[in-house]
Amino acid sequence: MDTYTETTPAIDLEPAARQIAGLLDGIGDQRLADPTPCPDYTVRELLAHVAGLSTAFRDAARKDFGPTTDTAPDAALPVLADDWRETLPPLLDELVTAWRDPAARQGMTRAGGVDMPGEVAAVVVLDELVIHGWDLARSTGQKYEADEASLRVSLGMLTPNDNVPRSETVFGPPVPVPADAPLVDRTVAMSGRRPDWQPGTSAALL
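Here goes a summary of the coordinates provided.

**A few points about the environment of Asp 12**
Piece 1. Relative to the helices and strands, Asp 12 resides in the loop between helix H1 (3-6) and helix H2 (14-23).
Piece 2. C-alpha of Asp 12 to C-alpha of Ala 149: the two residues are 137 residues apart in sequence and 9.3 Å apart in space.
Piece 3. The residues contacting Asp 12, other than those within four sequence positions of it, are Val 96 and Arg 100.
Piece 4. Within polar-contact distance, the side chain of Asp 12 engages the backbone nitrogen of Glu 14 at 3.0 Å.
Piece 5. Among the polar contacts listed, one links the side chain of Asp 12 to the side chain of Arg 100, at a separation of 3.1 Å.

Okay, here's the thing in structure tokens:
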């Protein structure tokens, strides 16, 4: 276990998951082909990615290894299920519940074909929910109000340091923002996204 996860309090995914679930009713079918800050994904594919990572990390929490945990997220372009409006909210609930079990953070687990300590996986999935929640909100013209605790965990994971190496093959280079910028702007900027991104502006890396 590294220094960062040793000092990170027990993580609750519910606020970040609830933010995403709250956006779904505001995503009409006409929005599904719209661009997102993830250059390879439309809104449709970003929703499919969220569903896929929720499944993978739910199973990672349960140590239920198989295709859902062993497949790299970039193995193929994600495909959105037709019934996503009905299936994604309960899937997010299952993800939250799975990571509330203390056993989820113990020992090693696997997601995206990568073995990692459970403590690290909890931080990774929270960051995924925070950043992709922002992506969905910005892409569909909705308000995003991430909770401070989730943002601080995400920013801590994204900030380069000796304990948490930062891969720019996963995240784009950090985007400069003022030191007094809002916490959400500093967090998404550290992920390689422009906090002022709007459809039609240059994209950032996934």
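**Some thoughts on the packing of aromatic side chains**
Piece 1. In this structure the tally under the stated criterion is 0 aromatic pairs.
Piece 2. The ring of Phe 65 has Arg 110 sitting right over it, with the charged end atom 4.5 Å from the ring centre.

**Quick word on the side chain of Arg 193**
Piece 1. Within the secondary structure layout, Arg 193 lies in the segment after helix H8 (183-190).
Piece 2. Residue class for Arg 193 comes out buried when judged on its relative accessible area of 1%.

**With respect to helix H5 (residues 84-100)**
Piece 1. For H5, built from 17 residues, the straight-helix expectation of 24 Å at 1.5 Å per residue is met to within 8% by its first-to-last C-alpha distance of 24 Å.
Piece 2. Trp 84, Leu 88, Leu 91, Leu 92, Leu 95, Val 96, Ala 98 and Trp 99 are the residues of H5 that are buried. One side of H5 carries all its buried residues, which in axial view fall inside an arc of 165 degrees. What points out from H5, more than 90 degrees from its buried face, is the exposed set Glu 86, Asp 93 and Thr 97.
Piece 3. Residues of H5 that are buried make contact with H2, helix H3 (43-62) and helix H6 (118-139).

**A short note on the pattern of salt bridges**
Piece 1. One pass over the structure, following the stated rule, counts 14 salt bridges.
Piece 2. The network of salt bridges with common partners includes Asp 12, Glu 14, Arg 18 and Arg 100.

**Topic: the nonpolar core**
Piece 1. One finds Leu 13, Ile 27, Leu 47, Phe 57, Trp 99, Leu 129 and Leu 136 to be the most contacted residues of the largest nonpolar core, which totals 55 residues.
Piece 2. The set of elements that each furnish at least two residues to this core consists of H2, H3, H5, H6, helix H7 (148-158) and H8.
Piece 3. Broken down by element, the residue count for this core peaks at 11 residues, all from H6.

Cut-off values and rules
Residues numbered from 1 in each chain as written. Predicted model: local features only at pLDDT ≥ 70, side-chain atom pairs only at ≥ 80, totals over all residues. Heavy atoms only, no water. Helix = DSSP H or I, 4+ residues; strand = E, 2+ residues; numbered from the N terminus. Contact = heavy atoms within 4.5 Å. Polar contact = N/O pair within 3.5 Å; in protein donor to acceptor, adjacent residues only side chain to side chain. Phe/Tyr/Trp six-rings, centres within 6.5 Å; stacked < 30°, edge-to-face > 60°. Lys NZ or Arg CZ within 6 Å of the ring centre and 35° of its normal. Buried < 20%, exposed > 50% of the residue type's maximum accessible area, 1.4 Å probe, protein only. Expected span 1.5 Å × (residues − 1). Arc of directions from axis to C-beta. Salt bridge = Lys/Arg side-chain N within 4 Å of Asp/Glu carboxyl O. Core = buried A, V, L, I, M, F, W, Y, C linked by side-chain atoms within 4.5 Å.

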